[in-house]
Amino acid sequence: MSSNDSTAKEQSFLFNVNKIFLVIHLLMLFMFSSLGVDLMAGVSLISICFYFLAFSLTKSEKLSIYVYSVAVEILLHMILAVVCLGIQCNFQLFLIDAMFFLFAMDYVVLRKKKRIMSPF
């Protein structure tokens, strides 16, 4: 498999991951709006704009920037949700999602770009 073919598969995979995150945030926007939590509805709207812009990162092969910026967005969204809604809503569990996302993407996407140096 050539490097170009591998990059195209990674781009396609992350493009689909971005679609999933976009749908999740659209659902959160609807949920927060329905519950009357205007601050979190606004944060979800900003996140939706971020994910629309993130499509350009996946298309321009800036995959590592995409991975780390999505992880930061998840963490910021989680922190604001915990502050606004309290710990009872369990938004702090998104930290597990962010860690899984970083580890999985590091293994699947980013590790292929790194050179592994032999100590010998």
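Because the structure is predicted, anything quoted here is derived from the model rather than measured.

## Structural notes on the overall build of the chain
When its secondary structure is counted, the chain shows four helices and zero strands. Residues counted as buried form 36% of the 120 residues belonging to the chain. The long-range fraction of contacts in the chain, counting pairs at least 24 apart against all pairs at least 6 apart in sequence, stands at 66%. Carbon and sulfur atoms make up 72% of the accessible area of the chain, which totals about 7,800 Å².

## Looking at helix H3 (residues 63-85)
Taking 1.5 Å of rise per residue, the 23 residues of H3 would be expected to cover 33 Å, and the 32 Å separating its terminal C-alpha atoms lies within 8% of that figure. One or two residues past the end of H3 sits Gly86, with phi positive at roughly 95°.

## Examining the layout of surface pockets
For the largest pocket, the calculated volume is near 170 Å³. Surrounding the largest pocket, Val17, Ile20, Phe21, Ile74, Asp97, Phe100, Phe101 and Met105 form its lining. Taken together, the elements giving at least two residues each to the lining of the largest pocket come down to helix H1 (3-35) and helix H4 (94-110). Broken down by element, the lining of the largest pocket gets its largest block of residues, four residues, from H4. Here the lining of the largest pocket is built from residues that sort into seven nonpolar, no polar and one charged.

## Section: the packing of aromatic side chains
Scanning all chains against the criterion turns up four aromatic pairs. Pairing Phe50 with Tyr51 gives two aromatic rings, centres 5.0 Å apart and planes at 75°, and the pair type is edge-to-face. For the ring pair Phe52 and Phe55, a centre distance of 6.4 Å and an interplane angle of 50° mean the geometry is tilted. Linking Phe52 with Phe55, this pair stays in helix H2 (residues 38-59), spanning three residues, or about one helical turn. Taken together, the ring pairs in this structure connect Phe15, Phe52 and Phe55 into an aromatic cluster.

## Some details on the side chain of His77
Counting through the fold element by element, His77 comes out in helix H3. There is a polar contact of 3.4 Å between the side chain of His77 and the side chain of Ser44. Look past the residues within four positions of His77 in its chain and what remains in contact with it is His25, Met28, Phe32, Met40, Val43, Ser44 and Ser47.

## Some words on the nonpolar core
The biggest cluster of nonpolar side chains holds 18 residues, and the ones touching the most others in it are Phe21, Tyr66, Val70 and Phe101. Among the elements of the structure, H1, H2, H3 and H4 are those that each provide at least two residues to this core. In contact with Tyr66, not counting residues within four places along its chain, are Leu14, Val17, Asn18, Phe21, Ala54, Leu57, Thr58 and Phe101. Counting residues in hydrophobic clusters, the runner-up holds eight residues, among them Phe32, Val37, Val43 and Ala81.

## A short note on H2
When the terminal C-alpha atoms of H2 are compared, their 32 Å separation across 22 residues agrees well with the 32 Å that a helix rising 1.5 Å per residue should span. Turning to H2, its buried residues are Met40, Ala41, Val43, Ser44, Ser47, Ile48, Tyr51, Ala54, Phe55, Leu57 and Thr58. One or two residues past the end of H2 sits Glu61, with phi positive at roughly 65°.

Cut-offs applied
Residues numbered from 1 in each chain as written. Predicted model: local features only at pLDDT ≥ 70, side-chain atom pairs only at ≥ 80, totals over all residues. Heavy atoms only, no water. Helix = DSSP H or I, 4+ residues; strand = E, 2+ residues; numbered from the N terminus. Buried < 20%, exposed > 50% of the residue type's maximum accessible area, 1.4 Å probe, protein only. Contact = heavy atoms within 4.5 Å. Areas by Shrake-Rupley, 256 points an atom, 1.4 Å probe, with all protein chains shown as cover. Expected span 1.5 Å × (residues − 1). 1 Å grid on protein atoms, 1.4 Å probe; cavity = no way out; pocket = protein on both sides within 12 Å on 5 of 7 lines; lining within 4 Å. Points joined across faces, edges and corners; volume = space filled by probe spheres on them. Nonpolar A, V, L, I, M, F, W, Y, C, P; charged D, E, K, R; others polar. Phe/Tyr/Trp six-rings, centres within 6.5 Å; stacked < 30°, edge-to-face > 60°. Polar contact = N/O pair within 3.5 Å; in protein donor to acceptor, adjacent residues only side chain to side chain. Core = buried A, V, L, I, M, F, W, Y, C linked by side-chain atoms within 4.5 Å.

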